[in-house]
Amino acid sequence: MLTIAGVKYTLSEVFHSIKANPATPCKKGYANYLMKINGSGATTFLTNAELIEKLENYVENEPEASKLAIYRGTGPGANSALSLDPIKRDKVKADDVAAIAHILTTGTIGNGITNKSTHATDPETGSAKGGSVTVAEFYVNGAGGRRVTKRTEGTKTTYYYSATHAFNTYKYQRLI
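Heads up: these notes are all about the structure in this document.

The rules we used
Residues numbered from 1 in each chain as written. Predicted model: local features only at pLDDT ≥ 70, side-chain atom pairs only at ≥ 80, totals over all residues. Heavy atoms only, no water. Helix = DSSP H or I, 4+ residues; strand = E, 2+ residues; numbered from the N terminus. Rg over C-alpha atoms; globule rule 2.2 N^0.38 Å. Buried < 20%, exposed > 50% of the residue type's maximum accessible area, 1.4 Å probe, protein only. Contact = heavy atoms within 4.5 Å. Lys, Arg positive; Asp, Glu negative; His and termini not counted. Charge placed at Lys NZ, Arg CZ, Asp CG, Glu CD. Pairing = 2+ DSSP bridges. Core = buried A, V, L, I, M, F, W, Y, C linked by side-chain atoms within 4.5 Å.

Describing the overall build of the protein chain
Here's step 1: Regarding its fold elements, the protein chain presents five helices and eight strands.
Here's step 2: The C-alpha radius of gyration computed for the protein chain amounts to 17 Å, which stays within 12% of the reference 16 Å derived for 176 residues, consistent with globular compactness.
Here's step 3: In terms of principal-axis extent, the alpha carbons of the protein chain reach across some 50 × 35 × 30 Å.
Here's step 4: Buried residues in the protein chain amount to 44% of all 176 residues.
Here's step 5: Summarising the internal contacts of the protein chain: among those between residues at least 6 apart in sequence, 51% fall at separations of at least 24.
Here's step 6: In the protein chain, 21 positive and 15 negative side-chain charges are present, and the distance between their average locations comes to 5 Å.

What about the sheet that holds strand E8 (residues 173–174)?
Here's step 1: The five strands lie next to each other as E4-E5-E6-E7-E8, forming an open sheet whose pairing is antiparallel. Of all the strands in the sheet, the pair left with one neighbour each is strand E4 (113–118) and E8.
Here's step 2: Across four bridges, E4 lies against strand E5 (residues 133–140) in antiparallel orientation. Paired with Ser117 across the two strands is Glu137, which belongs to E5.

Concerning the nonpolar core
Here's step 1: Core analysis: the largest hydrophobic core is formed by 21 residues, its most contacted members being Leu2, Val14, Tyr33, Leu34, Ile37, Leu51 and Leu55.
Here's step 2: When residues of this core are assigned to their parent elements, the largest contribution, six residues, is made by helix H2 (residues 30–40).
Here's step 3: Excluding its chain neighbours within four sequence positions, the residues that come into contact with Tyr33 are Leu55, Tyr58, Val59, Glu62, Leu68, Tyr71 and Arg72.
Here's step 4: One finds Ile103, Val140, Val148 and Tyr159 within the second-largest nonpolar core, a separate group that totals 13 residues.

Here is the structure:
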């Protein structure tokens, strides 16, 4: 979680806002560096510009290719919210719209949402969840249906949609 101008944001919220802003071109490695910053403990910035400057410093100081992976650190999983574009609630599978509206409004099972259970993967990064993050999984329209994952860090709760979960493989798109 990053704090910018006193507001808390998930890594994917920050990354996708950078990608969407033509004034701040997103560079290769930014997702890795956001994870690196998040792991550093220095996660509070007065402005977006201050965060962009920090990301630019990482890019400018990248070593040659043989050491680049170590410098960038572990990146996000390919199916994480950092790697996948967010999805609007009205763009999910038509059969899921009402169920997702229910979960986002109430946070409970019912109306097509079943089986709330703990979940071990952080949908933001695709890695195992950290100690300050709680994650719950909801079945959308039954066990054979899609999934909604609820992620809470501190007081911020975000939701993610996965149109597939075959062989326990999810595609975590942050619901907007």
